[in-house]
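Structural overview
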Amino acid sequence: MEIVVSGIRPTGNLHLGNYFGAVKNFLRLQDEYNCFFFIADWHSLTTHPHPGDVKVNVRKILAEYLACGIDPFKSAIYMQSDIKEILELYLYLNMNAYLGELQRVTSFKEKARKQPENVNAGLLTYPTLMAADILIHRADKVPVGKDQEQNMEMARKFARRFNMIYGVDFFPEPQSYSFGGDAIKVPGLDGTGKMGKSEGNAIYLIDDAVTIRKKVMKAVTDSGPVEPNSEKPEAIANLFAMLKIVSSTDTYDYFNEKYNTCQVRYGDLKKQLAEDIINFTSPIRERILDFSANIEYMDKVAHEGAEKARESAEKTIREVRKIIGF
Ligand code: TYM
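Definitions and limits used
- Residues numbered from 1 in each chain as written.
- Predicted model: local features only at pLDDT ≥ 70, side-chain atom pairs only at ≥ 80, totals over all residues.
- Heavy atoms only, no water.
- Helix = DSSP H or I, 4+ residues; strand = E, 2+ residues; numbered from the N terminus.
- Rg over C-alpha atoms; globule rule 2.2 N^0.38 Å.
- Buried < 20%, exposed > 50% of the residue type's maximum accessible area, 1.4 Å probe, protein only.
- Contact = heavy atoms within 4.5 Å.
- Areas by Shrake-Rupley, 256 points an atom, 1.4 Å probe, with all protein chains shown as cover.
- Lys, Arg positive; Asp, Glu negative; His and termini not counted.
- Charge placed at Lys NZ, Arg CZ, Asp CG, Glu CD.
- Phe/Tyr/Trp six-rings, centres within 6.5 Å; stacked < 30°, edge-to-face > 60°.
- Patch = residues over 30% accessible without salt bridge, like charges linked within 9 Å, V, L, I, M, F, W, Y side chains within 5 Å.
- Salt bridge = Lys/Arg side-chain N within 4 Å of Asp/Glu carboxyl O.
- Core = buried A, V, L, I, M, F, W, Y, C linked by side-chain atoms within 4.5 Å.
- Pairing = 2+ DSSP bridges.
- Axes fitted to C-alpha atoms, helices over the stretch in contact; angles between N-to-C directions.
- Parallel < 35°, antiparallel > 145°, perpendicular 65-115°, else oblique.
- Left-handed = near helix turned anticlockwise from the far one by under 90°.
- Nonpolar A, V, L, I, M, F, W, Y, C, P; charged D, E, K, R; others polar.
- Near = heavy atom within 4 Å.
- Polar contact = N/O pair within 3.5 Å; in protein donor to acceptor, adjacent residues only side chain to side chain.

Helix and strand counts for the chain come out as 14 helices and 5 strands. Since a compact globule built from 326 residues should have a radius of gyration of about 20 Å, the 21 Å found for the chain is in line with a globular shape. In terms of principal-axis extent, the alpha carbons of the chain reach across some 70 × 45 × 40 Å. When each of the 326 residues of the chain is scored for burial, the buried share is 50%. The long-range fraction of contacts in the chain, counting pairs at least 24 apart against all pairs at least 6 apart in sequence, stands at 78%. For the chain, the accessible area works out to roughly 15900 Å², and carbon and sulfur atoms hold 51% of it. Both charge centroids of the chain, one from 42 positive and one from 44 negative side chains, sit 3 Å from each other.

Now for the packing of aromatic side chains. Summed over all chains, the structure comprises 16 aromatic pairs. Aromatic side chains Tyr19 and Phe20 sit 5.0 Å apart centroid to centroid with 80° between the ring planes, which places their arrangement in the edge-to-face category. Ring centres 5.7 Å apart and planes at 25° place the aromatic pair Phe38 and Tyr78 in the stacked group. In this pair, Phe38 is assigned in strand E2 (residues 34-39) and Tyr78 in strand E3 (residues 75-79), connecting sequence segments 40 residues apart.

A grouping of Tyr98, Met164 and Ile165 is seen on the molecular surface, where their side chains present a nonpolar patch of about 340 Å² in accessible area. Along the chain, Tyr98 falls in the loop between helix H4 (85-95) and helix H5 (99-103). Overall, Tyr98 belongs to the partly exposed group, its relative accessible area being 44%.

Pairs can form between side chains of opposite charge whenever their charged atoms are close. Applying the stated criterion to the full structure yields 13 salt bridges. With a closest N to O distance of 2.7 Å, Lys74 and Asp31 form a salt bridge. A residue pair is termed long-range when its members are at least 10 positions apart, and Lys74 in the loop between helix H3 (54-68) and E3 and Asp31 in the loop between helix H1 (16-29) and E2 qualify at 43 residues. On the basis of relative accessible area, Lys74 is assigned to the partly exposed category, the value being 38%.

Glancing now at the nonpolar core. In this structure, Val23, Tyr65 and Leu273 are the most contacted members of the largest nonpolar core, which totals 57 residues. Discounting residues that sit within four places of it in the chain, Val23 has contacts with Ile8, Leu14, Asn18, Phe37, Cys68 and Ile70. Counting residues in hydrophobic clusters, the runner-up holds 45 residues, among them Tyr78, Tyr92, Ile134 and Val142.

For the rest of this paragraph, the subject is the pairing of E3. Here E3 lies mainly inside the structure; 5 of its 5 residues are buried. Covered by surrounding structure in E3 are Ser75, Ile77 and Met79 together with Ala76 and Tyr78, the residues of both alternating faces. Bridge count for E2 against E3 is 5 bridges, and the pairing is parallel. Looking at E3, one finds that Phe36 is bridged to Ala76.

Bringing the packing of helix H8 (residues 126-135) against helix H9 (residues 149-166) into the picture now. At their nearest, the axes of H8 and H9 sit 9 Å apart, and the two run at 70° to each other. On the basis of the axis angle, H8 is roughly perpendicular to H9. Crossing handedness for the pair H8 and H9: right-handed. Contacts between H8 and H9 involve Tyr126, Pro127, Thr128, Met130, Ala131, Ile134 and Leu135 from the first element and Asn151, Met152, Met154, Ala155, Phe158 and Ala159 from the second. Across the contact of H8 with H9, the residue classes break down as 11 nonpolar, 2 polar and no charged.

With that settled, consider the packing of H4 against H8. Running from N to C, H4 and H8 cross one another at 125°; their axes reach a closest spacing of 8 Å. Taken together, the axes of H4 and H8 lie oblique to each other. Two packed elements cross with a definite hand, and for H4 against H8 that hand is right-handed. In contact with Ile86, Leu89, Tyr90, Leu93 and Asn94 of H4, H8 contributes Thr128, Leu129, Ala131, Ala132, Asp133 and Leu135. Its residues assigned to classes, the contact of H4 with H8 comprises 8 nonpolar, 2 polar and 1 charged.

Taken together, 27 residues surround the ligand, and among them Arg9, Tyr126, Asp133, Asp147 and Val186 come closest. For the ligand, an oxygen atom lies 3.1 Å from a polar atom in the side chain of Asn18. Here an oxygen atom of the ligand and a backbone polar atom of Gly145 are 2.8 Å apart. Relative to its unbound accessible surface of 700 Å², the ligand loses 98% to contact with the protein. Elements that contribute at least two residues to the shell around the ligand include exactly strand E1 (3-8), H1 and H8.

Turning to the environment of Thr221, a few remarks are in order. Within the secondary structure, Thr221 sits in the loop between helix H10 (209-217) and helix H11 (234-246). Note on Thr221: relative accessible area 30%, which makes it partly exposed. Counting along the chain gives 16 residues from Thr221 to Ala237, while the straight-line C-alpha distance between them is 9.7 Å. Setting aside its immediate chain neighbours within four residues, Thr221 contacts Ile236, Leu239, Tyr266 and Lys270.

These figures capture arrangement, not role.
Here it is as structure tokens:
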């Protein structure tokens, strides 16, 4: 059976980017495949050296996963830091990862620019740890958003390299998975770029209706098109991209037609977009609140998930040790 792995750093609440980039695609696979979904708490140390109250943070994220529909009966849900075998694989992969290629990774360069006082080795070797997360289960498919493409390329490279150096056909080359083909990028509504926690432009699944309306109404727009069928500037294209993700095709077509005939009223568009987002998030938000109240259940989920993940990880490490010669 094919194996699926995905993960999220616990540096904040889940936002629409996380949901539509990764979680939704994961949900599409969990009925058919052997699925692992984890919280990348070691990865978050690369930017947040003080994890705070780990237990509280973990439960918060677990409640969000469960509320999205990740099902502990079908998928192993666990903390990265509960699986020590990942570290051993990380070490082996690092022995065959080269400084030059790690320094060229775009997200390394970006983060190094953002936190010049803390360009740590973990930041540099972020892609090897991510590869270890994936290869530890010998995964085939990895549901991730577009922003993870380069990390996925690195994971494939490390898998190939391991196989080549040791003359084996052990690790499959893990592929990014997105339903319908191309990985998606959920845009921010602040004019440019993607939605992200660190970008400060995220709409969270836990946001209430008032907050969502406020955030959407603040979205950057312009004075509107003056020529029919003109190309949309980035901020407007982002707004439409969001509409495509959360609204019905009819709604999208309606506003697109209005845009193309220079009759669009951004206020109406935003109001509709806000309501569609609220319709989508409010049942999830309710479930998050329900799960959050059930601490015992969440601790049980994390414990059982770790057991399942450990079993798979131990098996891989046993074989890797044999292959390398330990
Ligand atoms: P992270 O925590 O930044 O994001 C978690 C997942 O959400 C996706 N995502 C987006 N997708 C589309 N549009 C957006 N605006 C958007 N923002 C976030 C990300 O692509 C990701 O899939 N390195 C990973 C965590 C990780 C991981 C792994 C993932 C560590 N090890 C192994 C998969 C497999 C990260 O920082 O994701």
